[in-house]
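# Geometric and topological summary
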Amino acid sequence: MAGSGEVRNIPAYTIPSANRQVALVNRPGGIPQREDFALRKTSIPEPGPDQFLVRNIYLSVDPAQRGWAQTEANYSNPVQIGEVMRALAIGVVVKSRASTIREGEFLYGSFGWQDYAVADSPKILLRAEYPIPLEQHAALLGIPGLTAYLAFTGLGHPKPSETVLVSTAAGAVGSMVGQIAKLSGCHVIGLTGEDAKVTKCLTDFGYDRAFNYRSADLGVVLDESAPNGINIFFDNTGGMILDTAIRNMAVGGRIIQCGTASIAAWSPPPIGPRNEREILTRRLIWSGFIVLDHFARFQEAAAKLVEWYLAGKIRCETDIANGIEHAPGAIAALYSGQNRGKSLIFIG
Ligand SMILES: NC(=O)c1ccc[n+]([C@@H]2O[C@H](COP(=O)([O-])OP(=O)(O)OC[C@H]3O[C@@H](n4cnc5c(N)ncnc54)[C@H](OP(=O)(O)O)[C@@H]3O)[C@@H](O)[C@H]2O)c1
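What counts as what
Residues numbered from 1 in each chain as written. Predicted model: local features only at pLDDT ≥ 70, side-chain atom pairs only at ≥ 80, totals over all residues. Heavy atoms only, no water. Helix = DSSP H or I, 4+ residues; strand = E, 2+ residues; numbered from the N terminus. Rg over C-alpha atoms; globule rule 2.2 N^0.38 Å. Buried < 20%, exposed > 50% of the residue type's maximum accessible area, 1.4 Å probe, protein only. Contact = heavy atoms within 4.5 Å. Areas by Shrake-Rupley, 256 points an atom, 1.4 Å probe, with all protein chains shown as cover. Lys, Arg positive; Asp, Glu negative; His and termini not counted. Charge placed at Lys NZ, Arg CZ, Asp CG, Glu CD. Axes fitted to C-alpha atoms, helices over the stretch in contact; angles between N-to-C directions. Parallel < 35°, antiparallel > 145°, perpendicular 65-115°, else oblique. Near = heavy atom within 4 Å. Polar contact = N/O pair within 3.5 Å; in protein donor to acceptor, adjacent residues only side chain to side chain. Left-handed = near helix turned anticlockwise from the far one by under 90°. Nonpolar A, V, L, I, M, F, W, Y, C, P; charged D, E, K, R; others polar. Disulfide = S-S within 2.5 Å. Salt bridge = Lys/Arg side-chain N within 4 Å of Asp/Glu carboxyl O. Phe/Tyr/Trp six-rings, centres within 6.5 Å; stacked < 30°, edge-to-face > 60°. Lys NZ or Arg CZ within 6 Å of the ring centre and 35° of its normal. Pairing = 2+ DSSP bridges.

### With respect to the overall build of the protein chain
Scanning the protein chain from N- to C-terminus turns up 9 helices and 15 strands. Compactness check: the protein chain gives a C-alpha radius of gyration of 20 Å against a globular reference of 20 Å for 348 residues, within 12% of the reference. Considered along the principal axes of its C-alpha atoms, the protein chain spans approximately 60 × 45 × 35 Å. Residue burial in the protein chain is summarised as follows: out of 348 residues, 54% are buried. Within the protein chain, counting contacts between residues at least 6 apart in sequence, those at least 24 apart form 67% of the total. For the protein chain, the accessible surface area stands at approximately 14800 Å², while carbon and sulfur atoms represent 53% of it. Counting 32 positive and 32 negative side-chain charges, the protein chain places the averaged centre of each group 2 Å from the other.

### Looking at the packing of helix α2 (residues 143-156) against helix α8 (residues 298-310)
Contact pair α2 / α8: the axes reach a minimum separation of 10 Å and the direction vectors enclose 100°. Looking at the two axes, α2 sits roughly perpendicular to α8. Contacts from G145, L146, Y149 and L150 of α2 reach α8 at F298, E300, A301, A302, K304, L305 and W308.

### Section: the site of the ligand
The ligand sits among 26 residues. The nearest are V173, T192, K197, Y213 and F289. Between T192 and the ligand, the recorded distance is 2.6 Å, taken from a side-chain N or O atom to an oxygen atom. Between the ligand and Y213 there is a distance of 2.5 Å, counted from an oxygen atom to a side-chain nitrogen or oxygen. Calculation on the ligand without its partners gives an accessible area of 900 Å², and the protein chains cover 90% of this total.

### Some thoughts on the packing of α2 against helix α3 (residues 172-183)
Put simply, α2 and α3 touch, their axes get as near as 8 Å, and they point 45° apart. Classified by the interaxial angle, the pair formed by α2 and α3 is oblique. Like other packed secondary-structure pairs, α2 and α3 cross with a definite hand, here right-handed. Seen from α2, the contacting residues are P144, G145, T147, A148, Y149, F152 and T153; seen from α3, they are A172, V173, M176, V177, I180 and A181. Partitioning the contact of α2 with α3 into residue classes produces 10 nonpolar, 3 polar and no charged.

### A few points about the state of the cysteines
The final tally for this structure, using the stated rule, is 0 disulfides. Between C186, a cysteine without a disulfide, and C201, which holds the nearest cysteine sulfur, the sulfur-to-sulfur distance is 16 Å. Take C186: its relative accessible area is 2%, and that puts it in the buried class.

### Focus on the pattern of salt bridges
Going through the model one piece at a time under the given rule, you end up with 18 salt bridges. Among the salt bridges present, the one from E317 reaches K200, with a minimum N-O distance of 3.1 Å. Taken as a pair, E317 in the loop between α8 and β14 (318-322) and K200 in helix α4 (residues 195-203) lie far apart in primary sequence, 117 residues in all. Exposure remark for E317: the relative accessible area of 18% places this residue in the buried category. Within this structure, K200, D204, R315 and E317 form a network of salt bridges that share partners.

### Here's the deal with the packing of aromatic side chains
A full pass over the atoms with the stated rule returns 6 aromatic pairs. Stacked on the ring of Y116, the Lys or Arg R55 has its end atom at 5.9 Å from the ring centre.

### Observations concerning the sheet that holds strand β9 (residues 187-192)
Strand order in the open sheet formed by 6 strands is β10-β9-β8-β11-β12-β13, with parallel pairing between adjacent strands. Looking at the sheet topology across the chains shown, the edges are occupied by β10 (209-212) and β13 (285-288). In this sheet, adjacent strand axes meet at a mean angle of 15° when their direction is disregarded. Pairing between strand β8 (residues 163-167) and strand β11 (residues 230-235): 3 bridges, direction parallel. Directly across from L165, in β11, lies its bridge partner F233. Sheet contacts for α4: β9 and β10; angle to β10, the most-contacted strand, approximately 170°.

Have a look at this one:
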């Protein structure tokens, strides 16, 4: 079967007669590695009452999968050994026994790293029906775009001319935070781990300043580029970057703790400098954010992101591998910074 639709860029996809799955087979000590997963083939499941069968086209690779593969539950339960790896995906409905879901429609939801998933409506994050390329429903309108928009606007309370610092500045979430901060009239500084990504931040994502946190003296560059302090720090890394930036926050600054990409494992708890005095004396607000708590606002956020995207005000890059065999090593690749945009795997 072939897809069509120029604006939506729906790729040709097949309807295979078996279901390839990527299962978690080892409990990773830190970042999940290729050998922690195994590919297997099973039969195609049948949807029960109120369920549908979706043929996945794009599998999503997200930093959150590291947490889902661990033993301890954080904000969601761990994936059990032998289970299909939990993952977001974009797929097409091939059979439906759910009254609200029609065959042939495209959905973005929690469908796992596999060709086919039986699911019910609560597994859907968004109907992939906007006039944008299909894969952008997992990037611009997926977890990265929704997180950037909802966390930055909802917890950052940006005001024009404020100074914003973004870590993982060239990544899927960070690149969109940087652009939304610019659209909000802020002065925006980005931190990323490679010189080529620094250039991208400046040329493609509109950052005013950008630095390689691996080579720059962070305290010095933050002093220089934010002389009046940082008003909003959108932090995706934690660790040394947070410990340094917190000492450059302006009084009344807001820290949005969105990710902790620099911390490989939480057990035993990593040790670092004490920061409570910085929070107290600078009167900081330090907020944690989990995008799935904000499901009720996904449509509103998606509408705004699509408006900006179609008006050419925001860009969203994707990095698409081809073939399900890329899935086992994909989380490790993400944490080593190899991705250039939202990491996806085309398996259609
Ligand atoms: N709270 C939520 O609801 C939510 C939702 C989505 C994402 N997030 C978080 O947002 C962050 C970014 O996610 P994403 O999907 O946009 O991924 P991404 O930024 O596209 O890719 C992950 C990036 O993390 C950076 N990184 C890896 N190891 C690092 C280290 N030791 N120190 C500093 N940076 C490191 C790398 O960029 P560099 O090359 O620049 O180092 C890598 O490219 C993650 O922490 C993720 O957990 C949170």
